[in-house]
Amino acid sequence: MNNSRYPSRLLESAVNEFARLPGIGRKTALRLALFVLKQEVDDVTRFTSAIRELREEIQHCKVCYNISDSEICEICASPKRDRSLVCVVESIRDVMAIENTQQYTGIYHVLGGVISPMDGIGPDDLTIEPLVEKVKSGEVKEVIFALSTTMEGDTTNFFIYRKLAPHSIEMTTIARGVSIGDELEYADEVTLGRSLINRMPFEKTL
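Keep in mind the model is a prediction, meaning the values are calculated, not measured. (Residues numbered from 1 in each chain as written. Predicted model: local features only at pLDDT ≥ 70, side-chain atom pairs only at ≥ 80, totals over all residues. Heavy atoms only, no water.)

### Side note on the domain arrangement of the chain
Piece 1. Its domain assignment divides the chain into domain 1 (9-57) and domain 2 (67-174).
Piece 2. The distance between the C-alpha centroids of domain 1 and domain 2 comes to 34 Å. (Domains from an automatic or database assignment.)

Written out as structure tokens, the structure is:
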């Protein structure tokens, strides 16, 4: 006997899975599950296939750690990109935000987070060492810090700055046109674009 408040255990199972998504409560999860029930079987199959392929087949670029459909992402593979200019960002969403400005022609380095002792995230949990190795190769002339202006972001910037200080490269940071604590993905394209163009030497922020 089904003691659940749902008329079907299959429906309940679907609601439980939708409710695991960020920002989705059980009421919204129920609406989504009922919406799926109303769709054609082919549409639902296409949707589930896209989710499965995303999880199983997507890769991380071995150069910048952005997500990619191949070993090297389109940005790193493009001959139009300036490989001597590296923009350090926290996440894939930041790459997308900066790309939308159409003001940046270099490549990226995705850290995969920021140093946050409270959350148990240390330097070894991020892709900092590959960035150092990239700089050691001699191809990089400038590193742009484009992390969010939070305590964790500033701590990460300073840690990387200290690691790269022995090398003869220019280190800059985007201008503080992005409000304190704002995430790059929420900054409007014009403001973020200007922040990139008007970047300043990192030393001046210390």
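### Observations concerning the pattern of salt bridges
Piece 1. Here the structure, examined in full by the defined rule, presents eight salt bridges.
Piece 2. R46 is the salt-bridge partner of D43, the closest N and O atoms lying 2.5 Å from each other. Taken together, the positions of D43 and R46, both in helix α3 (residues 41-57) and three residues apart, correspond to about one turn of that helix.
Piece 3. Across the pair E133 and K136 runs a salt bridge, and its minimum N-O distance is 3.6 Å. (Salt bridge = Lys/Arg side-chain N within 4 Å of Asp/Glu carboxyl O. Helix = DSSP H or I, 4+ residues; strand = E, 2+ residues; numbered from the N terminus.)

### A short note on the nonpolar core
Piece 1. Judged by nonpolar contacts, the single largest core of 21 residues is most densely connected at I128, V143, F145, I160, L164 and M171.
Piece 2. Of all the secondary-structure elements, those providing two or more residues to this core are β3 (82-89), α6 (128-136), β5 (142-145) and α7 (151-164).
Piece 3. In terms of residues, this core owes the most to one element, α6, which gives four residues.
Piece 4. With near-sequence residues (within four places) excluded, I160 lies in contact with V88, L111, I128, L131 and F145.
Piece 5. C64, V89, A97 and V110 belong to the second-largest nonpolar core, a separate cluster that totals 20 residues. (Core = buried A, V, L, I, M, F, W, Y, C linked by side-chain atoms within 4.5 Å. Buried < 20%, exposed > 50% of the residue type's maximum accessible area, 1.4 Å probe, protein only. Contact = heavy atoms within 4.5 Å.)

### Thoughts on the confidence of the model for the chain
Note that predicted coordinates carrying low pLDDT should not be read in detail.
Piece 1. Of all residues in the chain, 92% have pLDDT values of 70 or greater, and the mean over the chain is 90.
Piece 2. Looking across the chain, the model is least confident in helix α8 (residues 189-197), with a mean pLDDT of 79, and most confident in strand β4 (residues 106-110), with 97. (pLDDT = per-residue confidence, 0-100.)

### Looking at the layout of surface pockets
Piece 1. As a volume, the largest pocket reaches approximately 420 Å³.
Piece 2. Taken together, 14 residues make up the lining of the largest pocket; nearest its centre are A14, E17, F18, F47 and T48.
Piece 3. At the level of elements, α1 (9-18), α2 (26-38) and α3 are the ones that each hand at least two residues to the lining of the largest pocket.
Piece 4. When residues of the lining of the largest pocket are assigned to their parent elements, the largest contribution, five residues, is made by α1.
Piece 5. Across the lining of the largest pocket, the residue classes break down as 11 nonpolar, one polar and two charged.
Piece 6. Of the pockets and cavities examined, the second largest pocket occupies roughly 230 Å³.
Piece 7. Along the lines of polarity and charge, the residues of the lining of the second largest pocket split into three nonpolar, no polar and one charged. (1 Å grid on protein atoms, 1.4 Å probe; cavity = no way out; pocket = protein on both sides within 12 Å on 5 of 7 lines; lining within 4 Å. Points joined across faces, edges and corners; volume = space filled by probe spheres on them. Nonpolar A, V, L, I, M, F, W, Y, C, P; charged D, E, K, R; others polar.)

### Focus: the packing of α6 against α7
Piece 1. Between α6 and α7, whose axes approach to 10 Å, the crossing angle comes to 35°. Note that α6 runs across α7; the crossing there is right-handed. Contact residues: α6 offers I128, E129, L131, V132 and V135, while α7 offers F159, I160, K163 and L164.
Piece 2. Within the contact of α6 with α7, the residues separate by chemical class into seven nonpolar, no polar and two charged. (Axes fitted to C-alpha atoms, helices over the stretch in contact; angles between N-to-C directions. Left-handed = near helix turned anticlockwise from the far one by under 90°.)

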